[in-house]
2 protein chains.
Amino acid sequence: MTASRVTATYRIETAYPLQDAAESMAGEQSTGTFVRLPGETDELRERCGARIERLTELDTVAAPSLPGAGLPKGAGPNPVYRRAEVVLSWSLENFGTSLPNLVATVAGNLYELRAFSGMRLIDIGLPAEFANAYGGPKFGIAGTRRLTGVEGRPVIGTIVKPSVGMGPEATAALVDTLAEAGIDFIKDDELQADGPHCPFEARVRAVMAVVNRHADRTGKKVMFAFNITGDLDEMRRRHDLVLGLGGTCVMASLNSVGLVGMIELGRFTQLPIHAHRNGWGYLSREPSLGWSYVAWQKLWRLAGADHMHVNGLQNKFCEPDDSVIASAKACLTPMFADKPCIAMPVFSSGQSAKQPPATYAALGSADLIFAAGGGIMAHPDGPAAGLMSLRQSWEAAMEGVPLADYASSRPALARALETYGG
Amino acid sequence: MTASRVTATYRIETAYPLQDAAESMAGEQSTGTFVRLPGETDELRERCGARIERLTELDTVAAPSLPGAGLPKGAGPNPVYRRAEVVLSWSLENFGTSLPNLVATVAGNLYELRAFSGMRLIDIGLPAEFANAYGGPKFGIAGTRRLTGVEGRPVIGTIVKPSVGMGPEATAALVDTLAEAGIDFIKDDELQADGPHCPFEARVRAVMAVVNRHADRTGKKVMFAFNITGDLDEMRRRHDLVLGLGGTCVMASLNSVGLVGMIELGRFTQLPIHAHRNGWGYLSREPSLGWSYVAWQKLWRLAGADHMHVNGLQNKFCEPDDSVIASAKACLTPMFADKPCIAMPVFSSGQSAKQPPATYAALGSADLIFAAGGGIMAHPDGPAAGLMSLRQSWEAAMEGVPLADYASSRPALARALETYGG
């Protein structure tokens with residue numbers, strides 16, 4: 001029986017012949033070193049070597065995208081850098097079903113190879129054995145909808161701002177206002193964890209008292225994503241505190257916690273994991289380097305992330321809209337036939353009533369969290385009107401009615417479009 | 001009493017006025033959002049805002065280094081992109097002494113800010129409170145020298161190659177050859193962990209039987225860094241197995257394990273941690289993005305890394321020599337007056353007898369691990385001669401004798417220089 005294989009797709013750029021360059025990648029990430037060694041037999045290469053599954057030439061460029069790349073012998077004064085997409089595969093027997101060891105293989109020393117002036121991991125293909133080895137999201141879309149009581153539209157949320165500086169009571173007072181206004185979801189800022197200005201335990205107690213009071217009255221419990229990012233013991237204690245007080249979500253910063261910490265959190269959590277991607281820019285912003293979100297998000301979903309941040313359309317950051325939509329679609333695409341591991345995409349960053357129609361049109365789904373900060377809190381008629389404007393904008397989007405038309409009889413939406421642009 | 005502050009130094013590039021750009025960084029990573037909110041008082045800004053400690057203008061460029069950057073209003077058709085070094089500081093009260101939360105602040109959403117076409121974290125300055133919160137390396141240079149019995153010269157080592165494919169017995173046979181030759185240190189390849197071809201436990205048992213047999217005979221125990229990279233439970237079990245069988249080192253891939261996993265490993269380990277940086281390229285290769293090694297290595301040393309990979313001079317990767325030396329010097333620079341947290345730099349990648357003189361001249365220290373693969377195994381007179389050539393080259397380097405002179409009466413070194421270049 002043939003062992004299952006893992007695939008990884010890369011966008012490469014090189015002045016070397018493409019086939020040679022792809023072979024050097026395959027060698028480096030399987031059996032190779034810089035000279036062929038006595039133990040490296042043909043049988044071993046066949047069994048353990050990485051295989052080139054596909055090599056598709058793309059465009060060429062005159063200048064290297066990244067510094068440090070070498071040139072082949074005999075290169076002229078104006079070398080051409082060829083771009084290509086290459087798919088490598090490895091036998092699962094090289095590393096087993098371990099996500100950390102997978103990462104060392106598919107995203108290890110490749111990025112520094114001299115032959116390349118561009119190296120970006122575009123996608124990863126995992127065999128079904130990985131679905132058995134990791135739990136995936138425990139809640140996902142269905143669990144989040146059940147806990148928030150929101151059906152048939154996005155979960156609408158906000159971020160506690162100012163990011164840092166408000167104490168537990170001020171935070172709870174803000175939550176009171178937002179719960180009164182009918183919000184579905186609120187998250188800590190990723191900069192807020194357990195600093196002396198706003199200790200975690202005091203914040204959770206103050207916030208949950210408010211959340212529970214509103215829930216007792218209305219039957220609707222606001223989902224508050226408490227930022228439990230910290231050492232492992234801290235994350236455990238914080239999770240247990242949130243759970244014990246009736247909270248329904250914990251948040252963690254993926255790049256701060258890392259893969260082993262997130263796998264551990266995914267195993268012990270009894271609450272949805274709201275996964276924050278801060279730092280994503282350093283992994284992705286140079287198009288010729290790093291990770292695509294499509295590849296990257298698979299690791300965290302398998303480890304157990306229920307909500308994945310994807311930025312938002314017309315965001316305040318530098319990411320173009322098509323990239324945001326590709327990320328969100330990736331989160332909504334099943335990973336395995338029997339275990340889809342769907343994570344709910346979280347749209348945020350400069351969001352207001354103006355973005356829902358384009359978001360819905362491009363994504364074709366309302367299974368998402370739509371989070372606005374200023375888009376709710378800075379509405380001229382207050383947070384309740386800000387929140388109302390977001391719901392109305394999503395209604396318009398899902399009914400296919402132009403925003404301006406829908407706003408004509410809805411003052412909250414009309415004022416939002418005046419304020420944020422429409 | 002004033003709270004201690006954390007500093008972070010960035011290399012930025014922007015078409016906006018530098019002061020405005022630096023203020024946007026400070027705002028984003030402390031109190032800010034895209035509109036000023038009701039709760040954001042001047043007192044709160046003073047207490048919790050990030051402060052610009054220094055802003056030093058550097059050169060200008062005509063084209064943006066990274067895509068996605070915006071232009072200020074009124075920018076002409078040929079905007080100038082200014083580069084600068086900016087130092088920000090935060091009160092420790094914003095996040096406490098938590099490394100994961102520190103990372104979310106100093107290396108969080110900054111990299112995606114539209115105002116910037118370049119954003120690289122150059123250094124981090126941590127107050128002494130962090131030294132109390134984390135353990136740092138438990139072994140470092142002194143512990144590694146004690147366990148290997150090597151004084152007054154580098155610890156000389158090698159990597160088991162082929163990277164993947166040899167079973168436990170073949171690995172142990174190689175270790176036998178190397179131990180016989182007098183090697184100090186051997187490491188697993190980062191691609192080798194616990195795959196079916198070479199299960200971890202069988203490998204450790206086979207290798208340690210050989211290592212212990214040689215130690216019983218000679219009194220010198222080869223330090224073998226077993227790659228324990230895996231989920232947390234796996235790392236614990238593997239560590240305990242290595243410890244129980246008399247092993248003296250464990251290895252972990254930093255970017256696979258992540259910060260919380262490494263902090264946990266740093267707490268429970270009773271053995272030196274050999275920290276592998278595979279994947280470092282995606283964090284660093286674009287000079288206008290990501291992390292400098294100087295900033296990055298501080299996190300892992302504080303978490304407990306005893307050995308840190310720094311690449312090597314004239315390496316097979318794309319990193320220039322001055323960058324390698326800067327990284328190694330960083331590892332040897334104390335982090336705190338009372339707790340230096342020194343990690344031993346590991347030189348590897350394409351190393352042979354030709355590099356020691358330049359390495360010693362540039363670094364000014366022999367407190368390092370010098371690891372060669374082909375430089376030992378592919379020596380025409382065999383591994384013992386390869387190893388001898390490395391020792392001789394280091395002797396020459398430390399005595400200030402030109403390699404060619406030293407080689408004239410030393411055949412192993414002479415043959416190495418013929419083989420690998422001199």
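About the criteria used
- Residue positions are given per chain, counting from 1 as you read along its sequence in written order.
- Lettering of chains starts at A and numbering of ligands starts at 1, both following the order in which they are written.
- Where local features are concerned, this predicted model is filtered to residues with pLDDT of at least 70; where side-chain atom pairs are given and counted, the filter is 80 or more; whole-chain, interface and lining totals use all residues.
- Each side-chain value is worked out from all heavy atoms of the structure, with water and hydrogens disregarded.
- For each domain, the first and last residues come from an automatic or database assignment.
- Every residue pair with non-hydrogen atoms within 4.5 Å of one another is taken to be in contact.
- The term buried area refers to how much accessible surface (probe radius 1.4 Å) is lost by two components on association, counted for both of them together.
- Think of a salt bridge as a Lys or Arg side-chain nitrogen and an Asp or Glu carboxyl oxygen that are within 4 Å of each other.
- Any pair of nitrogen or oxygen atoms within 3.5 Å is treated as a polar contact; in protein, a donor-acceptor pairing is required on top of that, and neighbouring residues in sequence qualify only through side-chain atoms on both sides.
- Numbering of helices and strands runs from the N terminus; a helix is a DSSP stretch of H or I covering at least four residues, while a strand is a stretch of E covering at least two.
- Note that Gly is not counted as nonpolar here; it falls among the polar residues with everything else outside the nonpolar set of Ala, Val, Leu, Ile, Met, Phe, Trp, Tyr, Cys and Pro and the charged set of Asp, Glu, Lys and Arg.
- Here, nonpolar core means buried Ala, Val, Leu, Ile, Met, Phe, Trp, Tyr and Cys residues that are tied together by side-chain atoms lying within 4.5 Å of each other.
- Partly exposed residues are those whose accessible area sits between 20% and 50% of the maximum for their type, while under 20% is buried and over 50% is exposed, using a 1.4 Å probe and protein chains only.
- The copies were overlaid with a least-squares fit restricted to C-alpha atoms from residues scoring a pLDDT of at least 70 in each copy.
- Note on pairing: DSSP must find at least two bridges between two strands before they are called paired.
- Fitted lines through C-alpha atoms serve as axes, helices being fitted only where they are in contact, and the angles separating the N-to-C directions of these axes extend from 0 to 180 degrees.
- If you view a crossover with the strands going away from you and the path from the first strand over the helix to the second runs clockwise, you call it right-handed.

Asks: What's the story with the domain arrangement of chain A in this structure? I'm lost.
Replies: Accessible area lost upon the coming together of the parts is a frequently used measure of interface size. Residue and element names in this part refer to chain A. Each domain of chain A was delimited in the assignment, giving domain 1 (5-133) and domain 2 (140-420). Spacing between the C-alpha centres of domain 1 and domain 2 amounts to 36 Å. Counting residues at the interface gives 24 residues for domain 1 and 22 residues for domain 2. Of the roughly 1800 Å² buried between domain 1 and domain 2, counting both surfaces, carbon and sulfur atoms make up 66%. Taken as a group, Leu 99, Arg 120 and Ala 131 account for 33% of the area that domain 1 buries against domain 2, more than any other trio of residues on that side. Summed over the shared surface of domain 1 and domain 2, the result is one salt bridge. Run the count over domain 1 and domain 2 and you get 14 residue pairs in polar contact (both at pLDDT 80 or more). At eight residues, strand β4 (residues 116-125) tops the list of elements feeding residues into the side of domain 1 that touches domain 2. Its residues assigned to classes, the side of domain 1 that touches domain 2 shows 17 nonpolar, three polar and four charged.

Asks: Quick question: what am I supposed to make of the nonpolar core here?
Replies: Soluble, globular proteins show a tendency: their nonpolar side chains are buried together. Tyr 10, Phe 130 and Trp 291 of chain A together with Tyr 10, Phe 130 and Trp 291 of chain B are the most contacted members of the largest nonpolar core, which has 236 residues in total. Ignoring anything within four residues of it in the chain, the contact list for Phe 130 of chain B reads Val 6, Leu 92, Phe 95, Gly 96, Thr 97, Ser 98, Leu 99, Leu 102, Leu 302 and Phe 336 of chain B.

Asks: I'm lost on the relation of the copies chain B and chain A in this one. Help?
Replies: Between the two chain copies there is a screw-like relation: a rotation about an axis and a shift along it. It takes a turn of 180° to lay chain B on chain A, together with a shift of 0.0 Å along the axis; the resulting RMSD is 0.0 Å. On this basis, the relationship between the two copies can be described by a two-fold rotation axis. Looking at the rotation axis and the C-alpha trace of chain B, the residue lying nearest is Gly 258 of chain B, at 1.9 Å.

Asks: What am I meant to see in the sheet that holds strand β3 (residues 81-91) of chain A here?
Replies: All names here are of chain A. Taken in spatial order, the five strands make up an open sheet running β2-β3-β1-β4-β10, and their pairing is mixed. Every other strand in the sheet has two partners, leaving β2 (51-61) and β10 (289-291) as the edge strands with one partner each. With strand direction ignored, the average angle separating the axes of adjacent strands in the sheet is 15°. Both strand β1 (residues 5-14) and β4 contribute to a ladder of eight bridges, which runs antiparallel. Looking across to β4, one finds that Thr 14 is bridged to Phe 116. Sitting on the sheet, helix α11 (residues 293-303) is in contact with β4 and β10, with an inclination near 45° to β4.

Asks: Quick question: what am I supposed to make of helix α3 (residues 99-106) of chain A here?
Replies: Owing to its 3.6 residues per turn, the α-helix brings residues three or four apart onto one side. Of all eight residues in α3 of chain A, eight are buried; the element is thus mostly enclosed. The set of residues buried in α3 of chain A consists of Leu 99, Pro 100, Asn 101, Leu 102, Val 103, Ala 104, Thr 105 and Val 106 of chain A.

Asks: Would you take a moment to explain the pairing of strand β8 (residues 249-253) of chain B for this structure?
Replies: Successive side chains on a regular strand alternate, one facing one side of the sheet and the next facing the other. Residues and elements named next belong to chain B. Among the five residues in β8, five count as buried, and that is most of the element. Burial along β8 is two-sided: Cys 249, Met 251 and Ser 253 facing one way and Val 250 and Ala 252 facing the other are all buried. Taken together, the three bridges between strand β7 (residues 223-227) and β8 define a ladder with parallel strand orientation. Within β8, the position partnered with Phe 226 by the bridge is Val 250. After leaving β7, the chain enters helix α8 (residues 232-244) and then returns to the sheet as β8, a path that is right-handed. Direction of pairing for β8 relative to strand β9 (residues 273-276): parallel, over a ladder of four bridges. Looking across to β9, one finds that Ser 253 is bridged to His 276. Taking the sense of rotation as the criterion, the β-α-β connection linking β8, helix α9 (residues 254-268) and β9 turns out right-handed.

Asks: What exactly am I supposed to notice about the environment of Ile 376 of chain B here?
Replies: All names here are of chain B. With respect to the helices and strands, the residue Ile 376 is situated in helix α14 (residues 374-377). On the basis of relative accessibility, which here comes to 0%, the residue Ile 376 falls in the buried class. Distance in space between the C-alpha atoms of Ile 376 and Leu 178 is 9.2 Å, their sequence separation being 198 residues. Sequence-distant contacts of Ile 376, that is, excluding residues within four places in its chain, are made with Gly 157, Thr 158, Leu 178, Ile 183, Gly 382, Pro 383, Gly 386, Leu 387, Leu 390 and Tyr 420.

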